[in-house]
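Per-entry structural report
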Amino acid sequence: MNGMRFRSLDGLRGSMAVLVLYSHLIGSYFGWRPDRPLAGATLCVLFFFMLSGFVLSASHSKNEGFSYLLIRFARLWPLHFMTTISMLCIYIYNKRNGFYYSSEEVFTLDTFLKNILFLHGMILYKFKLLNEPSWSISLEFWCSLLIPYVFLKARLKIKLLLIPLLLFISYLCYPLKPPSNVLMAAICMLTGNVAYSVKDSSFIRSLSTSALFKPLACLCVIYCTAGIWTGFRGINAYLCLLSFIPLLFLDLTAEEFFVKRFFCSGIILFLGSVSFPLYLFHESVIVSGIVPKKLAFPLYSLSVLIISLAISYVYNEKIGNPLYRKLKTLISRKKSDV
């Protein structure tokens, strides 16, 4: 691995994590109507997969072997386990005190084991998630294994042909909207991988610094935002996925480009630095009821956001980052011993 960072992509990830949080806040506060604001927040998660495909292609090689699997597990599983335990404790407390819990199924050992073993989306039987946002973590883990073991080894021309073909197949099978399944996660990861593969090409370099790219990027931001806000359906939702691709090249644009400046601003980069725990912890804050829903929505949502950010920051500083560094060092040491 290397220390490469893509600041604009960090900012994009942080912004989308907040949009997912607010989508869940709106749904839990006002009801889960299909026409609610931010009804298309699932698109944010598909964008996360694209970002992962890009960044993991930059930070890993095709020759890492089994250590890559261990490093991905060390990155994703500890927080997933902690937030799953957190939600289970909250549901037990809520049940005993007459508050909300999703179903009796969340209290079974079978469901607990399937949750913590990254099985969502990987088995035919659908089981109840303890922490609802964690549906994507299972797909993130298994599909990210394709990066070094398949995508980095495959020829670029083949991958360029596969993306439209797989998208077309997905559209035929799921015409209403892109599915939240392993196929779509793999397509998005592959798209991110290809974007990284071509980022240093003369065409992409010249395009990203041309006068055409800035209005194109602005249109893509607007279109993607509209899709997330309104919940695009049908072909528009699939076009929304394609519209995110130019944003993967924001770091190649001029520093003064206002879109790049926004996603690289201090507060947005802070959101990016805590985006992973923010994505997984916010459901615990909402369901716990620590912030009463009798508050007006602006105050209620701001309170949940601040508490979620505080928990995410403390987790990163005290547990997440130190633990990941130690585990990664241990895995690298074992690899060198072998």
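Residues numbered from 1 in each chain as written. Predicted model: local features only at pLDDT ≥ 70, side-chain atom pairs only at ≥ 80, totals over all residues. Heavy atoms only, no water.

Let's talk about unusual backbone geometry
In this structure, Leu 38 takes a positive phi of about 65° despite not being glycine. Along the polypeptide, Leu 38 turns up in the loop between helix 1 (7–30) and helix 2 (42–59). The exposure class assigned to Leu 38 is buried, which follows from its relative accessible area of 5%. The phi dihedral of Phe 118 is positive, around 60°, even though this residue is not glycine. Its location among the elements puts Phe 118 in the loop between helix 4 (109–116) and helix 5 (135–144). (Helix = DSSP H or I, 4+ residues; strand = E, 2+ residues; numbered from the N terminus. Buried < 20%, exposed > 50% of the residue type's maximum accessible area, 1.4 Å probe, protein only.)

Describing helix 2
Taking 1.5 Å per residue as the helical rise, helix 2 with its 18 residues ought to reach 26 Å, and the 26 Å between its terminal C-alpha atoms agrees with that figure. Counting buried positions along helix 2 yields 16 of 18 residues, so the element is predominantly enclosed. (Expected span 1.5 Å × (residues − 1).)

Focus on the layout of surface pockets
Estimates place the volume of the second largest pocket at around 1100 Å³. In this structure, the second largest pocket is lined by 41 residues; those nearest its centre are Arg 5, Arg 13, Val 55, Arg 75 and Phe 276. Elements with a contribution of two residues or more to the lining of the second largest pocket: helix 1, helix 2, helix 3 (66–96), helix 5, helix 13 (266–273), helix 14 (275–288) and helix 15 (297–337). Considering each element in turn, the lining of the second largest pocket owes the most residues, eight residues, to helix 15. (1 Å grid on protein atoms, 1.4 Å probe; cavity = no way out; pocket = protein on both sides within 12 Å on 5 of 7 lines; lining within 4 Å. Points joined across faces, edges and corners; volume = space filled by probe spheres on them.)

Points about the nonpolar core
Counting residues in each nonpolar core, the largest one holds 89 residues, and the members touching the most others are Phe 47, Phe 244 and Leu 250. For Phe 244, the residues in contact, after removing those within four places along its chain, are Leu 12, Met 16, Phe 47, Met 50, Leu 51 and Cys 224. Leu 88, Ile 116, Leu 130 and Val 287 belong to the second largest nonpolar core, which has nine residues in total. (Core = buried A, V, L, I, M, F, W, Y, C linked by side-chain atoms within 4.5 Å. Contact = heavy atoms within 4.5 Å.)

With respect to helix 14
The end-to-end C-alpha separation of helix 14 is 20 Å, in line with the 20 Å expected for 14 residues at 1.5 Å each. At Phe 281, helix 14 shows its maximal bend, which comes to roughly 35°. The buried count for helix 14 comes to 13 of 14 residues, which makes it a mostly enclosed element. Phi for Gly 289, located one or two positions after helix 14, is positive at around 75°. (Bend = angle between axes of the 7 residues up to and from the residue.)

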